[in-house]
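# Survey of secondary and tertiary structure
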Amino acid sequence: MRYVLSPSILAADFTNLGEQIRLVEEQGAEYLHFDVMDGMFVPSISFGMPVLQSIKKATSQLMDVHLMVEEPIRYVKDFQNAGADNITVHLEACKDLRETIREVHSCGLRCGVSICPDTPVDAVREYLDDIEMVLIMSVYPGFGGQKFIPEALKRIQELREMIEKIEAPVDIEVDGGIYPSNVREVLDAGANVIVAGSAVFKGNPAENTKKFMEILKSY
Ligand code: DX5
Ligand code: ZN
């Protein structure tokens, strides 16, 4: 299994974004996580296509786009054009998830499906053969800097068992409240793609990324 760090730029210093991204890439973060919020599916509004488009030119990291947006099917092509490699949609936000997954794949992109802390893990079971990744939220989506919800660990384990049983090549990404101090528990539970915002960009992004990478490399 491939273990990957996906730093969330939501926590970055936007006056110095290019440099911050260069630092995390240099330390080995293979993905870059974009938290797109529409003020409807979640209360907050973050950023969208133009930000992705300019960052795309500045890095060779995989653009990992997390759409916290109602009916994300409306924006799949726009994010493809802006440079997304990976589009994750919320199960709770889609009227027709099957059709949304098809739309992501028809754009030639990898598709992830995300579930909020109160959505049963079993809800993704029927899609596992059709997607590349499940994103388990370990906080309620909407804001960076929240505390990790420990029940997420059981949910990750349950999902990993489900995936192993059907031998589907599906990544498990976990997002919210992850730090070098608790990332091992998340990895031990069965996750292999780690999102970290505050833990990477608050303080020294190079040092922080290095700490995560040392742990990820030991797996
Ligand atoms: C929450 C976002 C997360 C968040 C993670 O809605 O999906 O990606 O930015 O930030 P931290 O690591 O600060 O919890
Ligand atoms: Zn996210």
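Residues numbered from 1 in each chain as written. Chains lettered and ligands numbered in written order. Predicted model: local features only at pLDDT ≥ 70, side-chain atom pairs only at ≥ 80, totals over all residues.

Turning our attention to the UniProt feature "active site" (unreviewed entry) in the protein. Within this numbering scheme, the UniProt entry marks Asp35 and Asp175 as carrying the feature "active site" (unreviewed entry). Spatially, the listed residues are clustered: although they cover 141 residues, their C-alpha atoms lie within 10.3 Å of one another. If we skip the residues at most four places from it in the chain, Asp35 touches Ser8, Leu10, Ser46, His66 and Met68. Positionally, Asp175 belongs in strand β7 (residues 171-175). (UniProt positions renumbered as here; feature names shortened; annotations may be inferred. Contact = placed C-beta atoms within 7 Å. Helix = DSSP H or I, 4+ residues; strand = E, 2+ residues; numbered from the N terminus.)

So, on to the sheet that holds strand β1 (residues 4-7). Taken in spatial order, the 8 strands of this open sheet run β1-β8-β7-β6-β5-β4-β3-β2, and their pairing is parallel. Here the strands that pair on one side only, and so sit at the sheet edges, are β1 and β2 (31-37). Along the sheet, successive strands turn relative to each other by an average axial angle of 25°, direction set aside. As judged from the 4 bridges shared by strand β3 (residues 62-68) and strand β4 (residues 86-90), these two strands associate in the parallel manner. Along β4, the bridge assignment pairs Leu67 with Val89. (Pairing = 2+ DSSP bridges. Axes fitted to C-alpha atoms, helices over the stretch in contact; angles between N-to-C directions.)

Let us look at the site of ligand 1. Not every one of the 22 residues close to ligand 1 is listed here, only the nearest: Leu10, Pro141, Gly144, Gly197 and Ser198. Among the secondary structure elements, those contributing two or more residues to the shell around ligand 1 are β2, β8 (193-196) and α7 (198-201). (Near = placed C-beta within 6 Å.)

Let us look at the pairing of β2. In terms of burial, β2 is largely enclosed, as 7 of its 7 residues are buried. By the alternation rule, side chains of β2 split into Tyr31, His33, Asp35 and Met37 and Leu32, Phe34 and Val36, which are all buried. Two elements, β2 and β3, share 7 bridges in a ladder whose sense is parallel. Each residue of the ladder has a partner; that of His33, found in β3, is Asp64. Each parallel crossover has a hand, and the one from β2 via helix α2 (residues 49-56) to β3 is right-handed. (Buried ≥ 20, exposed ≤ 12 C-beta atoms within 10 Å, placed from the backbone. Right-handed = clockwise from strand over helix to strand, strands pointing away.)

Looking now at the pairing of β7. Within β7, 5 of the 5 residues are buried, which leaves it mostly tucked inside the rest of the structure. Burial of β7 is two-sided: the residues Asp171, Glu173 and Asp175 facing one way and the residues Ile172 and Val174 facing the other way are all buried. Sheet topology places strand β6 (residues 133-137) next to β7; 5 bridges connect them, and they run parallel. Within the sheet, the bridge partner assigned to Met133 lies in β7 and is Asp171. Note that the unit made of β6, helix α5 (residues 152-166) and β7 has a crossover that is right-handed.

Now for the packing of helix α1 (residues 17-26) against helix α8 (residues 205-217). For the pair α1 and α8, the least separation of the axes is 8 Å and the interaxial angle reads 30°. Classified by the angle their axes make, α1 and α8 are roughly parallel. For α1 against α8, the interelement crossing comes out right-handed. For the pair α1 and α8, the contacting residues are Gln20, Leu23, Val24 and Glu26 in the first and Pro205, Ala206 and Thr209 in the second. Looking at the contact of α1 with α8 residue by residue, the class counts come to 4 nonpolar, 2 polar and 1 charged. (Parallel < 35°, antiparallel > 145°, perpendicular 65-115°, else oblique. Left-handed = near helix turned anticlockwise from the far one by under 90°. Nonpolar A, V, L, I, M, F, W, Y, C, P; charged D, E, K, R; others polar.)

Here is a general trend for soluble globular proteins: nonpolar side chains tend to be buried in one another's company. Judged by nonpolar contacts, the single largest core of 65 residues is most densely connected at Val65, Ile87, Val134, Ile136, Ile156, Val174 and Ile194. Among residues more than four places away in sequence, those in contact with Val134 are Gly112, Val113, Val124, Leu159, Val170 and Ile172. (Core = buried A, V, L, I, M, F, W, Y, C linked by C-beta atoms within 7 Å.)

To continue, consider the UniProt feature "binding site: a divalent metal cation" (unreviewed entry) in the protein. As annotated by UniProt and renumbered to match this structure, "binding site: a divalent metal cation" (unreviewed entry) occupies His33, Asp35, His66 and Asp175. A stretch of 143 residues holds the annotated residues, and the largest C-alpha distance among them is 10.3 Å, short enough that they meet in one place. By the element assignment, Asp35 lies in strand β2. Position of His66 among the secondary structure elements: in strand β3. Residue His66 is classed as buried on the basis of its C-beta count, with 28 C-beta atoms lying within 10 Å.

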